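Report on the structure
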Amino acid sequence: MSDLIIKAGAPGKDGLVAAVSKESAGWKYVGFEVYQLQAGDVLKRSAEGNEICLVLLAGKADVKVDGQLFAGIGGRMSVFEDMPPYAVYVPAGAHYEVTALSELELAVCLAPGTGKYAPRLIAPSDAVAEDRGYGSMSRRVVNILPESSEAESLLVVEVRTSGGNWSSYPPHKHDQDNLPAESYLEETYYHRVNPAHGFVVQRVYNDDRSLDETMAVTDRSIVLVPEGYHPVSAPPGYDSYYLNVMAGPVRTWVFHNDPEHEWLFEAQQQRPDKQE
């Protein structure tokens, strides 16, 4: 199996099923954890030197951050329901507590922070949803913690792609600290597949092909994107969901398209019914 894939296992201590740390990934900015909790389970943690975005992927919970309670949040029971998630922003240095009110799939997105911003609820109405691409490149994007929202490092977005379509496509990258042309952002993908016995295909490759891996990715797997382009394909009959976590030295998403496939982007821009 590729070193870029981390498959979820059975729930371990505190319900943890999969995790990536800066140390395990060998990079500087992004950490990611997924928990599977049962009703009544309680997860307590300290943010320490990281700002955190808690994303309720599926299920309901009470979330407390340094005594501030966000009660009874969560609305969808599956990531494939057509609604944005609830999320909670946790500043660095804070303590948080999550009490599951139902079966709960919880994502913990981490990146360096100093505690600059206050805890806050990110409701579905706060998320900006958009349809991106056209034809077999169409997908639904929900910006949970975009550039326009207050945070120090984190960018968090989820994407749903229907079976037979491509996503994160045309291929793009953001691995150069070369603003304003391109930003450096590490990235994780947390994949869900519907039906769950299926798979999606993800390729991660760079310009000189010193990195070039094409992976069959199963449900509840994390894919690391340390550099390069990273398109995703959902086979016919199997819908794709993924949660992206990005962070780098500057909190901005400025990407560079693969020159070999730039014509696809240009063709999209020329369409009268183009989707920005």
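Residues numbered from 1 in each chain as written. Predicted model: local features only at pLDDT ≥ 70, side-chain atom pairs only at ≥ 80, totals over all residues. Heavy atoms only, no water.

So, about the pattern of salt bridges. Per the counting criterion, the structure on display carries 14 salt bridges. Taking the shortest distance from any N to any O, the salt bridge between R45 and D14 comes out at 3.0 Å. On the criterion of sequence distance, the pair formed by R45 in strand β4 (residues 42–46) and D14 in the loop between β1 (5–7) and β2 (16–20) is long-range, its members being 31 residues apart. Classification of R45 as partly exposed rests on a relative accessible area of 28%. Several salt bridges converge on common partners, so that one network encompasses E105, R192, D219 and R220. (Salt bridge = Lys/Arg side-chain N within 4 Å of Asp/Glu carboxyl O. Helix = DSSP H or I, 4+ residues; strand = E, 2+ residues; numbered from the N terminus. Buried < 20%, exposed > 50% of the residue type's maximum accessible area, 1.4 Å probe, protein only.)

The next subject is the environment of S136. Positionally, S136 belongs in the loop between β12 (128–132) and β13 (139–145). Sequence separation of S136 and W166 is 30 residues, and the distance between their C-alpha atoms is 6.2 Å. Sequence-distant contacts of S136, that is, excluding residues within four places in its chain, are made with G164, N165 and W166. (Contact = heavy atoms within 4.5 Å.)

Glancing now at the packing of aromatic side chains. The final tally for this structure, using the stated rule, is seven aromatic pairs. Between the aromatic rings of F80 and Y241, the centroid separation amounts to 6.4 Å while the plane-to-plane angle is 70 degrees, which identifies the pairing as edge-to-face. Of this pair, F80 sits in the loop between β7 (68–73) and β8 (86–90) while Y241 sits in strand β24 (residues 239–247), and the two are 161 residues apart along the sequence. The exposure class assigned to F80 is partly exposed, which follows from its relative accessible area of 21%. Overall, the relative accessible area of 0% leaves Y241 in the buried class. Positioned above the aromatic ring of Y89 is the side chain of R120, whose terminal nitrogen or guanidinium carbon lies 4.9 Å from the ring centre. Sitting above the plane of the Y205 ring, R203 keeps its charged end 3.9 Å from the centroid. (Phe/Tyr/Trp six-rings, centres within 6.5 Å; stacked < 30°, edge-to-face > 60°. Lys NZ or Arg CZ within 6 Å of the ring centre and 35° of its normal.)

Formed by 52 residues in total, the largest nonpolar core has its most connected members in F32, C53, V55, C109, I144 and L243. If you tally residues by element for this core, the top one is β24, at six residues. If we ignore the near neighbours within four places in the chain, the residues touching V55 are P85, Y86, A87, E105, L106, A107, C109, I144 and V156. Membership of the second largest hydrophobic core comes to 22 residues, among which are L37, L56, V90 and V98. (Core = buried A, V, L, I, M, F, W, Y, C linked by side-chain atoms within 4.5 Å.)

To continue, consider the side chain of N244. Here N244 shows up in strand β24. Polar contacts involving the side chain of N244 include one to the main-chain carbonyl oxygen of T188, which spans 3.5 Å. Setting aside residues no more than four positions away along its own chain, N244 makes contact with L155, V156, V157, V159, E187, T188 and Y189. (Polar contact = N/O pair within 3.5 Å; in protein donor to acceptor, adjacent residues only side chain to side chain.)

This next bit is on the sheet that holds β13. One open sheet holds the seven strands; their spatial order is β1-β22-β19-β24-β14-β13-β12, and the pairing between them is antiparallel. Each having just a single partner strand, β1 and β12 make up the two edges of the open sheet. The sheet shows a mean angle of 20 degrees between the axes of neighbouring strands, taken without regard to direction. As paired elements, β13 and strand β14 (residues 155–161) share five bridges and run antiparallel to each other. Across the sheet, the residue bridging to V141 is V159, located in β14. (Pairing = 2+ DSSP bridges. Axes fitted to C-alpha atoms, helices over the stretch in contact; angles between N-to-C directions.)

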